[in-house]
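Chain by chain, the residues run as shown.
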Amino acid sequence: RRDACVDCGQDLPPPCAHTAMSSPSLDGGLLEGLLEKKPVSVLARSIGSTWRPRYIVLRAQSLEWHHGGDESGELQVLLLDARASQVRAAGDAGDDAERCLTVSGTVRGQPVCLVLRCSDASERDAWVRAVCRCIESLK
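Below is a short write-up of the structure. (Residues numbered from 1 in each chain as written. Predicted model: local features only at pLDDT ≥ 70, side-chain atom pairs only at ≥ 80, totals over all residues. Heavy atoms only, no water.)

With five of five residues buried, strand β3 (residues 62-66) lies mostly within the body of the structure. In terms of strand pairing, strand β2 (residues 52-59) meets β3 through three bridges, oriented antiparallel. Within the sheet, the bridge partner assigned to Val 57 lies in β3 and is Glu 64. From the end of β2 to the start of β3, which pair antiparallel, there are two residues. Of the strand pairs in this sheet, β3 and strand β4 (residues 75-79) are connected by five bridges, and their pairing is antiparallel. Bridge assignment links His 66 to a residue of β4, and that residue is Leu 75. (Buried < 20%, exposed > 50% of the residue type's maximum accessible area, 1.4 Å probe, protein only. Helix = DSSP H or I, 4+ residues; strand = E, 2+ residues; numbered from the N terminus. Pairing = 2+ DSSP bridges.)

Structure below.
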């Protein structure tokens, strides 16, 4: 039997042998790596903005990345909350469901759903499992 999320009862993916990458500016995360991020704003999505590579770092209470994709860009932080945050192994309609995950949280006090695309399903499963554990640890 697979582990289930205590909050929503969703089956969690099994652990995998994902090896986290390191970054000189965002090191020290629980899980980190180069993923593709969909634009957060509805306006950017509606005008056809595409996936962009971002170095994502999972910390105990947040996901972090640099706007613009390099270290010179503004640091963006999605805060995780025990009551409001969720993670699911899927993206928006039309996204590659096998490789996508969606994480809800807040950026600058506003609710945001962050859609990320991994290189494969096992990497996505590792991220879903790790984010779910972070959310559960906040309770």
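Applying the stated criterion across every chain yields a total of seven salt bridges. The closest approach of N and O atoms between Glu 36 and Arg 117, which form a salt bridge, is 2.9 Å. Taken together, the residues span a long stretch of sequence, with Glu 36 in strand β1 (residues 31-37) and Arg 117 in strand β7 (residues 110-117) at a distance of 81 residues. For Glu 36, a relative accessible area of 26% puts it in the partly exposed group. You can call Arg 117 buried: its relative accessible area is 16%. When the shortest N-O distance is used, the salt bridge between Glu 64 and Arg 59 registers 3.0 Å. For Glu 64, a relative accessible area of 12% puts it in the buried group. Overall, the relative accessible area of 22% leaves Arg 59 in the partly exposed class. When salt bridges with common partners are traced through the structure, they connect Lys 38, Asp 92 and Asp 95 into a single cluster. (Salt bridge = Lys/Arg side-chain N within 4 Å of Asp/Glu carboxyl O.)

Bringing the nonpolar core into the picture now. Counting 23 residues, the largest nonpolar core has Leu 58, Leu 63, Leu 78, Leu 101, Val 103 and Trp 127 as the members making the most contacts within it. Only β1, β2, β3, β6 (100-107), β7 and α2 (121-137) provide two or more residues apiece to this core. The dominant element in this core, judged by the number of residues it contributes, is α2, at seven residues. Setting aside its immediate chain neighbours within four residues, Leu 101 contacts Val 87, Arg 88, Ala 89, Ala 90, Leu 114, Val 115, Leu 116, Cys 118, Arg 124, Trp 127 and Val 128. (Core = buried A, V, L, I, M, F, W, Y, C linked by side-chain atoms within 4.5 Å. Contact = heavy atoms within 4.5 Å.)

What follows covers the side chain of Lys 37. Here Lys 37 lies in strand β1. It is Asp 92 that comes nearest to the buried, bridge-free Lys 37 among opposite-charge side chains, at 11 Å. Residues in contact with Lys 37, not counting those within four places in the same chain, are Thr 50, Trp 51, Arg 52, Arg 54, Trp 65, Leu 114, Val 115 and Leu 116. (Lys, Arg positive; Asp, Glu negative; His and termini not counted.)

This brings us to α2. The terminal C-alpha atoms of α2 lie 24 Å apart, and with 17 residues this matches the ideal 24 Å at 1.5 Å per residue to within 8%. For α2, the tally of buried residues reaches 12 of 17 residues, placing the bulk of the element in the interior. Residues of α2 that are buried: Glu 123, Arg 124, Asp 125, Ala 126, Trp 127, Val 128, Arg 129, Ala 130, Val 131, Cys 132, Cys 134 and Ile 135. If you follow the buried residues of α2, they end up packed against β1, β2, β3, β5 (87-88) and β6. (Expected span 1.5 Å × (residues − 1).)

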